[in-house]
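These are the residues of each chain, in order.
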Amino acid sequence: ARLVVLVSGGGSNLAALLDACADPGYGARVVAVGADRDAAAGLDRAAAAGVPTFVEKVADHPDRAAWDAALTARVRAHTPDLVISAGFLKLVGPDFLAAFGDRYVNTHNALLPAFPGIHGPRDALAYGVKVAGATLFFVDAGVDTGPIIAQVAVEVRDGDDEAALTERIKVAERAQLVEYVGRLVRGGWTIRDRKVTTP
Ligand code: GRF
């Protein structure tokens, strides 16, 4: 199966996927990595692995819809079976969702529907929860609202600060991403009434 991965940052989730794809039995390979900014370190990881990269910046387009159309065309050119947002910090628009809405997954560092948005671990700590975690889901038009594929729980420990909790979540999040992307590409999936079934 062909994976296109979108990143905005460090790309540790991307790195975990690249490692997993090195095993032919995993059933997938990363055919391209895209970013919305030049500085995304994930692009360097991709280049080091010999994977083609592209950058599509909102600022290079007259408006958000034009950016969305350009991003959609870029991704489509690589004919992905699954598109993965791995720390991609832009919300895609209608063109992208029309093209990939049934096969665009995102990983979020909180247990949705709690703590959507870009500060999941910080918000969870501020609320005082005892269990945090990560959610893998299919992206829809909302912010972190799509059908859930998998969730993993992580304990919150006394004395945790944002950095410590964020890192503990990321370890579990990476493992979950690798496991479930593998299940999706090897076995397929169905989505009915928001319920995602993976073999
Ligand atoms: C992940 O924890 C994701 O949930 C959040 O940003 C992080 C991306 O990390 N939105 P990386 O770029 O894969 O290292």
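Right, let's walk through the structure included here. Everything numeric here is computed off the predicted structure, so don't read it as measured data.

### Focus: the overall build of the chain
Step number 1: Each helix and strand counted, the chain has 6 helices and 9 strands in total.
Step number 2: Relative to a compact globule of 199 residues, whose C-alpha radius of gyration would be 16 Å, the chain shows 16 Å and is just as compact.
Step number 3: Taken along the three principal axes of its C-alpha coordinates, the chain extends 45 × 40 × 40 Å.
Step number 4: A buried classification covers 39% of the 199 residues belonging to the chain.

### Details of the site of the ligand
Step number 1: The environment of the ligand is made up of 15 residues, and the closest members are G10, S12, N13, G87 and N109.
Step number 2: Elements with a contribution of two residues or more to the shell around the ligand: α1 (12-21), β5 (104-108) and α6 (162-187).
Step number 3: It is α1 that provides the largest number of residues to the shell around the ligand, a total of 3 residues.
Step number 4: Residues that form the shell around the ligand fall into these classes: 3 nonpolar, 10 polar and 2 charged.
Step number 5: Both domains that furnish three or more residues to the shell around the ligand are identified here as domain 1 (1-100) and domain 2 (107-199).

What counts and what doesn't
- Residues numbered from 1 in each chain as written.
- Predicted model: local features only at pLDDT ≥ 70, side-chain atom pairs only at ≥ 80, totals over all residues.
- Helix = DSSP H or I, 4+ residues; strand = E, 2+ residues; numbered from the N terminus.
- Rg over C-alpha atoms; globule rule 2.2 N^0.38 Å.
- Buried ≥ 20, exposed ≤ 12 C-beta atoms within 10 Å, placed from the backbone.
- Near = placed C-beta within 6 Å.
- Nonpolar A, V, L, I, M, F, W, Y, C, P; charged D, E, K, R; others polar.
- Domains from an automatic or database assignment.

Keep in mind these values describe shape, not function.
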